[in-house]
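One letter stands for each residue in the lines below.
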Amino acid sequence: MSTTPLPEHPAHLWRNPEPRSSYDVVIVGGGGHGLATAYYLATVHGITNVAVLEKGWLAGGNMARNTTIIRSNYLWDESAGIYEHALKLWEGLPAELDYDFLFSQRGVLNLAHTLQDVREGVRRVGANKLNGVDAEWLGPEEVAEVCPILNVSRDTRYPVLGGTYQPRAGIAKHDHVAWALARRADELGVDIIQHCEVTGFVKDGGRVVGVETDRGRINAGRVGLAAAGHSSVLAEKAGFRLPVQSHPLQALVSELHEPVHPTVVMSNHVHVYVSQAHKGELVMGAGVDSYNGYGQRGAFHVIEQQMAAAVELFPVFARAHVLRTWGGIVDVTPDASPIISTTPVDGMYVNCGWGTGGFKATPAAGWTFAHTIATGSPHPLNAPFALDRFVTGALIDEHGAAAVAH
Amino acid sequence: MLRLNCPWCGPRDETEFHYGGQAHVPYPGDPHALDDRQWAEYVFYRDNPKGPFAERWMHATGCRRWFNAVRDTATYQVLATYRLDEPRPDVLSEGGTR
Ligand SMILES: Cc1cc2nc3c(=O)[nH]c(=O)nc-3n(C[C@H](O)[C@H](O)[C@H](O)COP(=O)(O)OP(=O)(O)OC[C@H]3O[C@@H](n4cnc5c(N)ncnc54)[C@H](O)[C@@H]3O)c2cc1C
Ligand SMILES: [Zn+2]
């Protein structure tokens, strides 16, 4: 057995233009969501006079830091709608973008360790099926068939009582996804401007007409915020609040191993999730640090608990070495669902609150956000994810299916 | 890992504490006077600054009492801890990021 070699990159990825004085649309944030939004603005809506402004380097935020899990087995109809739309887009995207980003539909197992976990899982499988999302409930023996290195013995602190399985779920190489989207958006005329931090907004009455940046003022017909962990910092500069809290979330990888781990395994209860990257690293994550934070690092005790859980579930990992740890800043909403919405400022739109799980949504976030920006009103898929749900009370409470698990 | 100074027990590791979010968010004085927007503000909206932030902590494995802290969310520096009945102290961050 050997691991998958990474594909070669195309000779040309994107230009590095100087910012122009004015654009029809300015997107703040050059992560996966900002890039996908620009791509669909160009391809679906024919809007190409667009700039994506990124304060650091392209896709160096959460896009470069996530653990790349893609799945659509969420509980509620609204979530199934948007995440399953994303999964369908993922399935066509490598061909559409003509870029092999190693999208691998190796399946995702969400383990159950308590009676309550079992009930939640069985219920979610039922909900998934009603929404046309592939899902199965597996007993411990079937779990072990999907992932033979998992310890399903009864003699552990939290035995595996079963799990949900989504066969179409999987992983993709995140930075290649960003580069693929950036390359196509660039070809279509979108200016991708790195090292350009948005520091304020220019307003005329209640309407946004431009952004201030550390490279000068840029006029904009419309502005889309896709700044993940920093959305509320930007919203405050624009004069409104967002119901999000920013938390550090960390992940780690081991050194390279021969392929041993055929799928993705997640456990909310014992707080670890694991997949094996194409090159062979074991990629592991856990929960967010409890406190608000903007430092791109997490606390060590979280790693300690995560390792304890990993070694109990996967005894074969006991002698693997941790090679690298890192953190990102995720913005969490009260109902663990995202916000893709108009804002109190005319011409300004926000895509945020994806918390620990927005990578999987990248194409659908871009699709719906582009629609919202282009038409000034939401697409049916993101209408339920508007800011006003916190006033009406029509929350989409995905804590069970979304929080912690990514 | 953070080190927090419990006003009753002294400095302890973060693992002894439970986080409680933003401090100084009073229950509405006249709940009946609030409209839906104001209720949303009270229930769902909290400050999320990049910099000094007044927040609540509970010494879960110690005295189990709540207290407040001012902590810089960019540097993770704990600038002050104080009792719930004390006002937010006037502390300045040393700046920087981590
Ligand atoms: C450790 C970790 C593991 C994760 N695992 C998963 C997973 O397995 N599956 C999954 O679905 N999701 C996962 N996520 C969540 C996912 O990464 C995010 O939800 C998603 O990347 C957010 O959208 P984005 O890609 O646009 O954000 P980002 O890539 O963070 O893009 C936002 C960009 O905005 C830029 N920016 C901020 N402020 C400004 C400014 N003022 N001016 C200009 N630019 C600015 C930032 O530099 C950044 O590049 C994980 C996240 C982390 C941190
Ligand atoms: Zn104490």
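The preceding data block contains the structure.
Since this is a predicted model, take the numbers as computed values, not measurements.

## Topic: the coordination of the zinc ion (ligand 2)
The expected angle between donors at a tetrahedral four-coordinate metal is 109.5 degrees. At an octahedral six-coordinate metal it is 90 or 180 degrees. Residue and element names in this part refer to chain B. At this site the zinc ion (ligand 2) is bound by Cys6 (SG), Cys9 (SG), His59 (ND1) and Cys63 (SG), with donor distances of 2.0 to 2.4 Å. Angles of 103 to 122 degrees at the metal separate the 4 donor atoms of the zinc ion (ligand 2), which places the site in the tetrahedral class. Within one chain, the residues donating to the zinc ion (ligand 2) are spaced in sequence as C-x2-C-x49-H-x3-C.

## Some words on the site of ligand 1
Residues and elements named next belong to chain A. Within the structure, ligand 1 sits among 39 residues, and Glu54, Met63, Thr67, Gly358 and Lys360 are positioned closest to it. One of the backbone N or O atoms of Thr68 is found 3.3 Å from an oxygen atom in ligand 1. At a separation of 2.8 Å, an oxygen atom of ligand 1 approaches a polar backbone atom of Gly358. Contact with the protein chains covers 96% of the free accessible surface of ligand 1, which is 990 Å². Contributing elements (two or more residues each) for the shell around ligand 1: helix H1 (32-45), strand S12 (245-256) and strand S16 (322-332). Counting residues per element, the shell around ligand 1 draws most heavily on S12, which supplies 3 residues. Looking at the shell around ligand 1 residue by residue, the classes come out as 16 nonpolar, 18 polar and 5 charged.

## A word on the sheet that holds strand S5 (residues 66-72) of chain B
Residues and elements named next belong to chain B. Strands sit in the order S3-S4-S5-S6 across an open sheet of 4 strands; the sheet is antiparallel. Each of the sheet's edge strands pairs with one partner strand only, and the pair in question is strand S3 (18-22) and strand S6 (78-82). Averaged over all adjacent pairs, the angle separating strand axes in this sheet is 30 degrees, with direction ignored. As defined by bridge partners, S5 adjoins S6 across 4 bridges and the pair is classed as antiparallel.

## Looking at the packing of aromatic side chains
Taken as a whole, this structure holds 17 aromatic pairs over all chains when the rule is applied. Between Tyr74(A) and Tyr83(A), the aromatic rings sit 3.8 Å apart at their centres with planes inclined by 5 degrees, giving stacked as the arrangement. On the basis of relative accessible area, Tyr74(A) is assigned to the buried category, the value being 2%. Considering the side-chain rings of Trp39(B) and Tyr42(B), the 6.0 Å spacing of their centres and the 70 degrees angle between planes classify their relative orientation as edge-to-face. Taken as a pair, Trp39(B) and Tyr42(B) lie in helix H1 (residues 36-44) at a separation of 3 residues, close to a single helical turn. Residue class for Trp39(B) comes out partly exposed when judged on its relative accessible area of 27%. In this structure an aromatic cluster arises from ring pairing among Tyr291(A), Phe17(B), Tyr19(B), Trp57(B), Phe67(B) and Tyr76(B). We note Arg46(B) situated over the ring of Tyr42(B); from NZ or CZ to the ring centre the distance is 5.9 Å.

The rules behind the values
Residues numbered from 1 in each chain as written. Chains lettered and ligands numbered in written order. Predicted model: local features only at pLDDT ≥ 70, side-chain atom pairs only at ≥ 80, totals over all residues. Heavy atoms only, no water. Donors = N, O, S within 2.8 Å, 3.2 Å for Na, K, Ca; no water. Tetrahedral: all angles 85-135°; square planar, octahedral: opposite > 155°, others 65-115°. Near = heavy atom within 4 Å. Polar contact = N/O pair within 3.5 Å; in protein donor to acceptor, adjacent residues only side chain to side chain. Areas by Shrake-Rupley, 256 points an atom, 1.4 Å probe, with all protein chains shown as cover. Helix = DSSP H or I, 4+ residues; strand = E, 2+ residues; numbered from the N terminus. Nonpolar A, V, L, I, M, F, W, Y, C, P; charged D, E, K, R; others polar. Pairing = 2+ DSSP bridges. Axes fitted to C-alpha atoms, helices over the stretch in contact; angles between N-to-C directions. Phe/Tyr/Trp six-rings, centres within 6.5 Å; stacked < 30°, edge-to-face > 60°. Buried < 20%, exposed > 50% of the residue type's maximum accessible area, 1.4 Å probe, protein only. Lys NZ or Arg CZ within 6 Å of the ring centre and 35° of its normal.

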